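Secondary and tertiary structure notes
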Amino acid sequence: MSNTAIDCVPYISKASVISVRRWLMIGSVVLASGQLAGCGSSQPEPAPLRTALTATVQQASASDTQITGIVRSLGSYDIAPENPGRLVRLRANIGDRVAQGQILAEFDAEPFRLQASQSRAQVQAANVDLDAARREAKRLEGLVEAGAAARQDLDAARTNVSRAEAQQRATSDQAALNARALAKTQLRAPVAGVITARQGELGAILPAGAPVFSLEGAGEREIVASVSSATAEQLRIGTIVRFNIGGSGGQARLSGLSPRSAGVDAQTARFTIVSGTA
């Protein structure tokens, strides 16, 4: 069996910062143990973060085929505000492991707090108006039954109740939206994982949807590698391969292989990690 080994190469994030990816090698399904030529990183890496470590391995044998790949999460997230605002606090940095729901950043909440307060006051006023309209309709019902009031007066009172109910619903809905906007001034991690990029800067006024952090979830992971067409011909969907990262590793299953393009001697292979540490 010949081996396919994955060498190290840096990945540059959208913010032009070296992302914390795991560098790896894959031993393929064909014979012998694949070994890589050593590779290093010129960038200092956060000590507690395994995903920033570069594989240190031995010289490859002549029969080994070497390729380059990265490990990445199948759950990657850009964490961004729902509403525009000024970024006033950052609570995480590249390489940090974070828990689901952990606060990562905060935006200026004062404008949203004011809107939420105004909405609550409007809801209270709408409730008062609705109660008054219902009491008036109830009073007129009794008068109409007693023949002391005209039917059209009761109809008008019931119309006022309907209007007051609609106004109360509208103000309640707006209050809920404003309360949500206030809560969303705190950016929280959607899942547990690792911060791989920080795009936001303190004091910046960001539009809605502008990423502040990128996060890779701690769940299922995959290996993505560019392989020559000759190597691709040796691979079959479902093939189990071995991988090693700095002395630890496991097994991965080939889950996808891009079509061969005319005149291009490269295809993208995707391996879903099924066991081990990556």
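Everything below is about the structure shown above.
Residues numbered from 1 in each chain as written. Predicted model: local features only at pLDDT ≥ 70, side-chain atom pairs only at ≥ 80, totals over all residues. Heavy atoms only, no water.

**Thoughts on the pairing of strand β15 (residues 248-257)**
Across 6 bridges, the pairing between strand β14 (residues 240-245) and β15 is antiparallel. Bridging across to β15, Ile245 finds its partner in Ser248. In the sheet, β15 pairs with strand β16 (residues 267-276) via 7 bridges, with the strands oriented antiparallel. Bridged to Arg253 within β16 is Thr272. (Pairing = 2+ DSSP bridges. Helix = DSSP H or I, 4+ residues; strand = E, 2+ residues; numbered from the N terminus.)

**Here we look at the sheet that holds strand β10 (residues 193-198)**
Strand order across the open sheet formed by 4 strands is β5-β12-β10-β7, with antiparallel pairing between neighbours. Edge positions in the open sheet fall to β5 (76-79) and β7 (97-98), since each of these has one partner strand only. Direction of pairing for β5 relative to strand β12 (residues 213-217): antiparallel, over a ladder of 4 bridges. Across the sheet, residue Ser76 finds its bridge partner in β12, namely Glu216.

**Notes on the environment of Ala175**
In this fold, Ala175 is placed in helix α2 (residues 151-183). Here the alpha-carbon distance between Ala175 and Val123, two residues 52 residues apart in the chain, equals 7.4 Å. Excluding residues within four positions of it along the chain, Ala175 makes contact with Ser119 and Val123. (Contact = heavy atoms within 4.5 Å.)

**Describing α2**
With 33 residues, α2 should cover 48 Å at 1.5 Å per step; its first-to-last C-alpha distance of 48 Å lies within 8% of that length. Taken residue by residue, α2 has Leu154, Ala157, Val161, Ala164, Gln168, Thr171, Ala175, Asn178 and Ala181 as its buried positions. Structurally, α2 contributes buried residues whose contacts are with α1 (110-145). (Expected span 1.5 Å × (residues − 1). Buried < 20%, exposed > 50% of the residue type's maximum accessible area, 1.4 Å probe, protein only.)

**A look at the pattern of salt bridges**
The final tally for this structure, using the stated rule, is 9 salt bridges. Between Arg89 and Glu106 there is a salt bridge, and its shortest N-O distance comes to 3.3 Å. Taken together, the positions of Arg89 in strand β6 (residues 85-90) and Glu106 in strand β8 (residues 103-107) put the pair 17 residues apart, joining distant regions of the chain. Judged by its relative accessible area of 39%, Arg89 is partly exposed. With a relative accessible area of 11%, Glu106 lands in the buried category. (Salt bridge = Lys/Arg side-chain N within 4 Å of Asp/Glu carboxyl O.)

Such coordinate-based values are descriptive only and should not be taken to indicate function.
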